[in-house]
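Structural features, examined
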There are 2 protein chains.
Amino acid sequence: MARDLQEQIKKLIIDRRLPSGASLPTEPELMELLGVSRNSVREALKALQAMGIVEIRHGFGTYVGPMSMAPMIEGLTFRTVAGHYRGEDSLLQLLELREAVETGLVGRLIGRVTEADLAELDALVDRMDTEAATEGAVSPATDRAFHATLYRGLGNPLLGEVMEAFWDAFHRVRTDLVPRAHDPKVTGIQHREIVDAVRSGDTLRAERAVREHFGDIRERLSAPSAPTAAPHLPYDR
Amino acid sequence: MARDLQEQIKKLIIDRRLPSGASLPTEPELMELLGVSRNSVREALKALQAMGIVEIRHGFGTYVGPMSMAPMIEGLTFRTVAGHYRGEDSLLQLLELREAVETGLVGRLIGRVTEADLAELDALVDRMDTEAATEGAVSPATDRAFHATLYRGLGNPLLGEVMEAFWDAFHRVRTDLVPRAHDPKVTGIQHREIVDAVRSGDTLRAERAVREHFGDIRERLSAPSAPTAAPHLPYDR
DNA sequence: CTAGCTCAGTTGGTTAGAGCAGCTGACTCT
DNA sequence: AGAGTCAGCTGCTCTAACCAACTGAGCTAG
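Residues numbered from 1 in each chain as written. Chains lettered and ligands numbered in written order. Predicted model: local features only at pLDDT ≥ 70, side-chain atom pairs only at ≥ 80, totals over all residues. Heavy atoms only, no water.

Named according to an unreviewed UniProt entry, chain A is FadR family transcriptional regulator originating from Streptomyces antnestii.

Spelled out as structure tokens, the structure:
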């Protein structure tokens, strides 16, 4: 029945064509509308909130959620962390997922990416070099922006969101479990090669550049620490 | 605070290295353990259940969930349906996501897929033909199995799950909104071409075969019905 | 007259206690 | 020895009350 409740609220959103950000009935209204107790309404809303379908603001109201990939990131992150601590190579699998998808997609960029995007990518690589020189490390935000900008050229916002979700999940787990510094200079070089390869229109070169980039991360990942070598669990998210 | 509760339960799973299927403390136990009321415990569990992290069985107990991609499918499905009814081309975007990823991945299969997998794929295509002849349509299960088997050859279970999740979401939305029959004979031919192309080791041919397959679906999708042309909402999932 | 404060009302957050419903396992009767 | 039954655990739902965050109208001070 609780399952049914969630579906009814979803149906309500669909039926009323509510866009993201629209306000939903209040809890008492939903109680009467659905003929259940407040408690049940709240449990259903909590579940929908966890799926990003609904957004709850204390003292203000309940709204249709942004329908982002945030819940997927959450789930993927937890799944990976849990697997890691059970001795699985879940983090490596997540990296390989990204590698497979990104090497597969970079070829589609050839002849499709705009000059403006390429210029933006150049700027991002420059920023990586700057950060490497001044702070000794490339900030995660810059790396994230690079990958997001790169695949934005494919013209599919959903695809972009999914890619960002994979990035987010991987990065969150990596910083928690393997707080290892990259060689920031290499990072800049590898990203620049990706941009140059895409600009040159050479599909194979672009794929190789992406593969090399990921290969580097993978090496850093699998080299030193076995998954079970983490005695005091730093997980507290 | 409720947010915090979920994190504490997650932490409990991590700390105790609980595998999928392991039993969690009962609700009263969690009440005492976390120092909150039963209601709050339940809301937290409901949210975790929605994310697939926890599995609740009435009258039996609470268990660590299978950590599958089911919640992601749920979210993606709803997002797509909601977008569709608001006049967006969300279903097309989802299809393009699949097309982009699958055309990107099929090249990686070359020289990596085993003979056994190829044989299985042959059998699946044969079954498609049989179904087309006897029932007039290829069953969704067969199509799903084909795509799952194909990308299983990449040797990354996570990747396989993600691909299946995309397939599931797309299929669920499509059957709800565009209950259109494919020409089953064409379906068989296109799938067979994908298998043959992969077997031949010709990357470009494989990519073209996949692209053609998706192009066919896309055509069927965008041809007849504008999104707004659905007056009586059949959505009741 | 305006800027700022205060307070009442609305909304979600939390707690408590009671009873309902599904499942298991041991006990009992045949 | 086997099948039926019942006690107990488990999660599910409801009611009722109060707490906490936010808004907005009205008041007060400048």
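Read on for the rest.
What to know about the relation of the copies chain B and chain A
Rules: Least-squares superposition of the copies uses the C-alpha atoms of those residues scoring a pLDDT of at least 70 in each of them.
Note on the identical chains: chain B maps onto chain A by a rotation of 180° and an axial translation of 0.0 Å, with an RMSD of 0.0 Å. Seen this way, the second copy is the image of the first under a two-fold rotation axis. Within chain B, the C-alpha atom positioned nearest to the axis of rotation is that of B:Gly104, 1.8 Å from it.

Examining the domain arrangement of chain A
Using the following cut-off: The start and end points of each domain follow an automatic or database-based domain assignment.
The domain architecture assigned to chain A consists of domain 1 (2-64) and domain 2 (70-227). Of note, the centres of domain 1 of chain A and domain 2 of chain A, computed from C-alpha atoms alone, are 36 Å apart.

Observations concerning unusual backbone geometry
Our working rule: Where helices and strands are cited, they refer to DSSP runs of H or I of at least four residues and of E of at least two residues respectively, numbered from the N terminus. To sort residues, take the accessible area from a 1.4 Å probe on protein chains only and compare it with the maximum for the residue type: under 20% means buried, over 50% means exposed, and anything in between is partly exposed.
Positive phi, close to 55°, is recorded for A:Met67, a residue that is not glycine. With respect to the secondary-structure elements, A:Met67 resides in the loop between strand E2 (61-64) and helix H4 (70-85). A:Met67 sits in the buried class, given a relative accessible area of 9%. Here B:Arg17, not a glycine, exhibits a phi torsion of approximately 55°, which is positive. Inspection of the secondary structure assignment puts B:Arg17 in the loop between helix H1 (2-15) and helix H2 (27-34).

Quick look at the interface of chain B and chain A
Using the following cut-off: Pairs of residues are marked as contacts when any of their non-hydrogen atoms sit within 4.5 Å. For any pair of parts, buried area is found by adding up, for both, the accessible area (1.4 Å probe) each one loses once the two are put together. The rule for a salt bridge is simple: a side-chain nitrogen of Lys or Arg has to be within 4 Å of a carboxyl oxygen of Asp or Glu.
Taken together, the 55 residues of chain B in the interface contact 54 residues of chain A. Summed over both sides, the interface of chain B with chain A buries roughly 5300 Å², with 62% coming from carbon and sulfur. Area buried by chain B at its contact with chain A is led by B:Ile14, B:Phe78 and B:Arg79, which between them contribute 13% of it. Inspection of the region where chain B meets chain A yields 6 salt bridges. Looking at the side of chain B that touches chain A, the elements that each hand over two or more residues are H1, helix H3 (38-50), helix H4 (70-85), helix H5 (90-109) and helix H8 (157-177) of chain B. Top contributing element to the side of chain B that touches chain A by residue count: H5(B), with 11 residues.

Examining the protein's contact with DNA strand D
Formally: Working definition: residue near molecule or strand if any one of its non-hydrogen atoms lies within 4 Å of it.
Around DNA strand D lies a shell of 22 residues, among which A:Asn39, A:Ser40, B:Thr26, B:Arg38 and B:Arg42 are the nearest. Here DNA strand D approaches the protein such that, of its atoms within 4 Å, sugar and phosphate make up 67%. Of all elements in the fold, only helix H3 (38-50) of chain A together with H2, H3, strand E1 (54-57) and strand E2 (61-64) of chain B reach the threshold of two or more residues within the surface near DNA strand D. If you tally residues by element for the surface near DNA strand D, the top one is H3(A), at 3 residues.

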